[in-house]
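# Chain and residue survey
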Amino acid sequence: MKKRIIFLLAVFVCFTKVYAQAKDLSKDKYYSLNLAWYSTHYVTPQCIYEVNNEEETYTKLSRNRIYLDKTGYYHFDDKVFIPGLMAVKFDLKKGRLFNDSYAEEKGVYFNDSFGAKYSASSSLSEKTKNGIKKYDAENLGRFAFSSTSHYESLSWNFNSIPWVEGEKGYGIGSTIRISTKEYFDTLCILNGYVNIEKLDLYKKNSRVKVFNVKDLDNNLEYRIELEDIVEFQYLYLDEETKNVELTIVEVYKGDKWADTCVQGIVPMVTSTTVDNSNQQKYSMFGSEKAITNTINNYTNKYSEIVNK
């Protein structure tokens with residue numbers, strides 16, 4: 001009898017651990033998504049408001065249509081999206097989307113507006129059948145093309161690869177340095193190995209858990225602990241600067257490889273406006289108050305479409 005009770009308790013503990021790991025962190029957040037040029041989705045933990053600015057209507061959608069999968073990616077129905085970056089969505093049924101070859105040829109990446117330069121204490125290089133593949137620090141600014149591209153809209157760079165530290169082990173103590181021409185007060189970080197065609201690479205490789213960040217111009221230090229999910233996460237600085245150094249303090253260990261990866265780190269300014277569209281596309285998160293106030297404004301002004 002005692003053995004049976006112990007066995008049942010063990011099963012309960014195991015089930016509890018699995019359930020805890022499966023918790024959908026996305027359901028705790030308030031944010032907005034631009035999945036089409038004419039509409040915006042305002043997301044709360046309870047539901048989704050799809051606002052159609054062209055038709056001046058809004059529709060309440062089930063919150064379950066947005067979920068976080070086991071690989072660390074967010075989904076809206078059959079589309080993968082990355083919160084915090086406007087219009088980055090990928091239809092898995094339709095396969096690979098276009099790559100902006102014009103912008104890539106001109107080097108029109110997001111960091112173009114700040115003239116950001118990247119360097120690191122080490123970087124990984126590996127031999128492939130196509131030659132040497134370099135996971136250099138410059139990759140941190142090349143994950144997506146700027147809105148000043150040939151298409152006048154944001155597009156993901158499918159040819160981008162992350163920066164990967166080149167040390168033995170998990171790269172604890174490895175550093176990244178960013179210097180810019182213009183002042184910035186925010187760092188926007190996309191953690192891990194983000195490959196929309198190979199979602200499993202995120203968890204197979206290691207990701208940064210904690211960065212120590214030094215503002216070299218103002219002699220200030222910060223610590224940011226990143227959530228282990230594919231979204232843009234922000235560090236807001238107390239002062240404007242042009243030079244920072246990030247040091248890896250702790251990592252989430254990869255399921256297969258020790259290599260610690262970071263897909264992107266871009267400088268920003270918090271005082272973004274609609275007129276400054278090149279920056280506005282990268283600032284889609286909102287506070288609970290901001291999102292709920294926006295929803296209230298639209299529900300008072302626009303008519304509702306009831307889903308049948």
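Please refer to the structure higher up on the page.
All of these numbers come straight from a predicted model, not from anything done at the bench.

What counts and how
Residues numbered from 1 in each chain as written. Predicted model: local features only at pLDDT ≥ 70, side-chain atom pairs only at ≥ 80, totals over all residues. Heavy atoms only, no water. Helix = DSSP H or I, 4+ residues; strand = E, 2+ residues; numbered from the N terminus. Buried < 20%, exposed > 50% of the residue type's maximum accessible area, 1.4 Å probe, protein only. Pairing = 2+ DSSP bridges. Core = buried A, V, L, I, M, F, W, Y, C linked by side-chain atoms within 4.5 Å. Phe/Tyr/Trp six-rings, centres within 6.5 Å; stacked < 30°, edge-to-face > 60°. Lys NZ or Arg CZ within 6 Å of the ring centre and 35° of its normal. Expected span 1.5 Å × (residues − 1). Arc of directions from axis to C-beta. Contact = heavy atoms within 4.5 Å. Polar contact = N/O pair within 3.5 Å; in protein donor to acceptor, adjacent residues only side chain to side chain.

## Some remarks on the overall build of the chain
Within the chain one finds 5 helices and 20 strands. The buried share of the chain, reckoned over its 308 residues, is 48%.

## Thoughts on the pairing of strand E1 (residues 31-36)
Within E1, 5 of the 6 residues are buried, leaving the element largely enclosed by the surrounding structure. Here E1 pairs with strand E2 (residues 39-43) via 4 bridges, running antiparallel. Note that in E2 the partner of leucine 33 across the bridge is histidine 41.

## Describing the environment of glutamate 227
Positionally, glutamate 227 belongs in the loop between strand E17 (220-225) and strand E18 (232-252). Along the primary structure glutamate 227 and asparagine 191 are separated by 36 residues, whereas in three dimensions their C-alpha atoms are 8.9 Å apart.

## Observations regarding the nonpolar core
Where a protein is soluble and globular, its nonpolar side chains tend to be buried together. Of all hydrophobic cores here, the largest spans 45 residues; its most connected members are Trp156, Ile178, Leu187, Phe211, Val213, Leu246 and Ile265. Contributions of two or more residues to this core are made by strand E15 (175-191), strand E16 (206-215), E17, E18 and strand E19 (260-268). For this core, the leading source of residues is E18, giving 8 residues. By size, the runner-up hydrophobic cluster in this structure holds 12 residues, among which are Leu35, Ile48, Tyr74 and Ile229.

## Describing the packing of aromatic side chains
What the rule picks out here adds up to 8 aromatic pairs. With centroids separated by 5.6 Å and ring planes inclined at 50 degrees, the aromatic side chains of phenylalanine 143 and phenylalanine 232 adopt a geometry described as tilted. Highlighted residues: phenylalanine 143 in the loop between strand E11 (131-135) and strand E12 (144-145) and phenylalanine 232 in strand E18, separated in sequence by 89 residues. Clustering of aromatic rings is evident, with ring pairs tying together Tyr42, Tyr298 and Tyr302. The ring centre of tyrosine 183 lies 4.6 Å from the NZ or CZ of lysine 242, which sits over that ring.

## Considering helix H5 (residues 288-301)
Compared with an ideal rise of 1.5 Å per residue, which puts 14 residues at 20 Å, H5 spans 20 Å between its outermost C-alpha atoms and is within 8% of the ideal. Among the residues of H5, Ile291, Ile295 and Tyr298 are the ones counted as buried. Summarising the axial view, the buried residues of H5 lie within an arc of 65 degrees, below the 170-degree limit, and thus occupy one face. Facing away from the buried surface of H5 by more than 90 degrees, the exposed residues are Lys289, Asn297, Asn300 and Lys301. Buried residues along H5 sit against E1, E2, strand E3 (47-52) and strand E4 (57-62).

## Section: the side chain of threonine 260
Structurally, the position occupied by threonine 260 is in strand E19. Using a relative accessible area of 0% as the deciding quantity, one classes threonine 260 as buried. A polar side-chain atom of threonine 260 sits 2.7 Å from the main-chain carbonyl oxygen of tyrosine 170. Other than its neighbours up to four places away in sequence, threonine 260 contacts Trp163, Val164, Glu165, Tyr170, Ser206, Arg207, Val208, Ile248 and Val251.

## A look at the environment of aspartate 136
Its location among the elements puts aspartate 136 in the loop between E11 and E12. For aspartate 136, a relative accessible area of 26% corresponds to the partly exposed category. Filtering out sequence-adjacent residues up to four positions away, aspartate 136 remains in contact with Ser123, Pro162 and Trp163.

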